[in-house]
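# Coordinate inspection notes
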Amino acid sequence: QVQLVESGGGLVQPGGSLRLSCAASGRFFVINTLGWYRQVPGKQRELVAAMSTGGDTNYVDSVKGRFTISRDNAKNALFLQMNRLKPGDTGVYYCNYNAAEPHDRLVRDYWGQGTQVTVSS
């Protein structure tokens, strides 16, 4: 099964930037949507940014104008550029692919292991 591995999290001061990466270990037969989610203790996982296969993007209101989701097909990777970070952006960030693998073509949700982002002075 294809694995997703995230990297790029860490501790950053308010106003700083981070770039999250999500690398897929293999190729998918089809990808429906890609996204980045955020989870904080005691709350449900929240969709932060999403991208369709056609490249259309959507963002939760709190990150519009500050975060950018992008994809590198050649590198089989997904990115989240986070600028002007705020303490409220703190959480564990997960990448998600809604996709199917070539061997069975069954659509599933694939998740990375999560990467911690902490915005604090």
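About the criteria used
Residues numbered from 1 in each chain as written. Predicted model: local features only at pLDDT ≥ 70, side-chain atom pairs only at ≥ 80, totals over all residues. Heavy atoms only, no water. Buried < 20%, exposed > 50% of the residue type's maximum accessible area, 1.4 Å probe, protein only. Helix = DSSP H or I, 4+ residues; strand = E, 2+ residues; numbered from the N terminus. Pairing = 2+ DSSP bridges. Phe/Tyr/Trp six-rings, centres within 6.5 Å; stacked < 30°, edge-to-face > 60°. Lys NZ or Arg CZ within 6 Å of the ring centre and 35° of its normal. Axes fitted to C-alpha atoms, helices over the stretch in contact; angles between N-to-C directions.

### Focus: the pairing of strand 8 (residues 77-82)
A large share of strand 8 lies buried, amounting to 5 of its 6 residues. For strand 3 (residues 18-24) and strand 8, the ladder comprises 6 bridges, and the chain directions are antiparallel. When the bridges of strand 8 are listed, Leu-20 appears paired with Leu-80. Inspection of the sheet shows strand 7 (residues 67-72) paired to strand 8 by 6 bridges, in the antiparallel sense. Within strand 8, the position partnered with Ile-69 by the bridge is Leu-80. Counted along the chain from strand 7 to the antiparallel partner strand 8, the turn is 4 residues long, and its residue Asn-76 has a positive phi close to 55°.

### Remarks on the packing of aromatic side chains
Under the definition given, this model contains 3 aromatic pairs. Ring geometry for Phe-28 versus Tyr-110: centroids 4.9 Å apart, planes at 70°, classification edge-to-face. Highlighted residues: Phe-28 in the loop between strand 3 and strand 4 (30-39) and Tyr-110 in strand 10 (residues 107-111), separated in sequence by 82 residues. Taking the relative accessible area as the measure of exposure, Phe-28 reaches 12% and is therefore buried. Members of the aromatic cluster, connected to one another through ring pairs, are Phe-28, Tyr-97 and Tyr-110. The ring of Tyr-94 has Arg-45 sitting right over it, with the charged end atom 3.7 Å from the ring centre. The cationic tip of Arg-45 hangs over the ring face of Trp-111; the distance from NZ or CZ to the ring centre is 4.7 Å.

### Section: the sheet that holds strand 1 (residues 4-7)
In a beta sheet, neighbouring strands are held together by backbone hydrogen bonds and run either parallel or antiparallel to one another. The antiparallel open sheet is built from 4 strands, whose spatial order is 1-3-8-7. At either end of the open sheet lies a strand with only one pairing partner, and these are strand 1 and strand 7. Strand-to-strand twist across the sheet, computed as the mean angle between neighbouring axes with direction ignored, equals 15°. Of the pairings in the sheet, the one linking strand 1 to strand 3 comprises 4 bridges and is antiparallel in character. Note that in strand 3 the partner of Val-5 across the bridge is Ala-23.

### Some points on unusual backbone geometry
Phi is positive for Asn-76, close to 55°, though the residue is something other than glycine. With respect to the helices, strands and loops of the structure, Asn-76 is situated in the loop between strand 7 and strand 8. In this structure Asn-76 comes out as buried when scored by relative accessible area, which is 13%. The phi dihedral of Arg-105 is positive, around 60°, even though this residue is not glycine. Inspection of the secondary structure assignment puts Arg-105 in the loop between strand 9 (91-100) and strand 10.

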